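Notes for the structure review
Listed below are the residues making up each chain.
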Amino acid sequence: MAEANSPFVPKGEQRFDGDQTCGYKPSNVDDDCGKPGAWHVMWDAKLDNSITCIEHMELIQQRWMYIDRHPITSDCAMPGAQWIFLNDRCEYLSEAATEAAATLETAV
């Protein structure tokens, strides 16, 4: 668990349901924020990510480190979508592009 002054966000439970609402949840509160998501945040090289509202993105920028972020698109947090750093968005790649990317990864 992250300490109060740690630059790393304290992470909650993972969500895999494609929910695009803000998942911010302080330790002393029972429910997630639940406001509509505005930002998709990539936390670390393990690809831990979350959705956050405008208000909580401001809090994130004040308190914690993250690798990348981009505005929410319809593909964000959906099963099978991939984070495309160069395009600043999540998207479903074509089958040919997915196979090419897998080939590059295994060749390295």
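Preceding block: the structure.
From a predicted model like this one, the values you see are computed outputs, not experimental measurements. (Residues numbered from 1 in each chain as written. Predicted model: local features only at pLDDT ≥ 70, side-chain atom pairs only at ≥ 80, totals over all residues. Heavy atoms only, no water.)

A full pass over the atoms with the stated rule returns two aromatic pairs. For the ring pair W43 and Y66, a centre distance of 6.5 Å and an interplane angle of 85 degrees mean the geometry is edge-to-face. In this pair, W43 sits in the loop between β1 (39-42) and β2 (49-52) while Y66 sits in the loop between α1 (54-63) and β3 (68-71), placing the two residues 23 residues apart along the sequence. By relative accessible area, which is 26% here, Y66 ends up partly exposed. Ring centres 5.9 Å apart and planes at 45 degrees place the aromatic pair W83 and F85 in the tilted group. Classification of W83 by relative accessible area gives buried; the value is 14%. (Phe/Tyr/Trp six-rings, centres within 6.5 Å; stacked < 30°, edge-to-face > 60°. Helix = DSSP H or I, 4+ residues; strand = E, 2+ residues; numbered from the N terminus. Buried < 20%, exposed > 50% of the residue type's maximum accessible area, 1.4 Å probe, protein only.)

Let us now look at the sheet that holds β1. Here we have three strands laid out as an open sheet, ordered β2-β1-β3, and antiparallel in their pairing. Each having just a single partner strand, β2 and β3 make up the two edges of the open sheet. Neighbouring strand axes in the sheet, compared pairwise and without regard to direction, differ in orientation by 20 degrees on average. Alignment of β1 against β3, held across four bridges, turns out to be antiparallel. (Pairing = 2+ DSSP bridges. Axes fitted to C-alpha atoms, helices over the stretch in contact; angles between N-to-C directions.)

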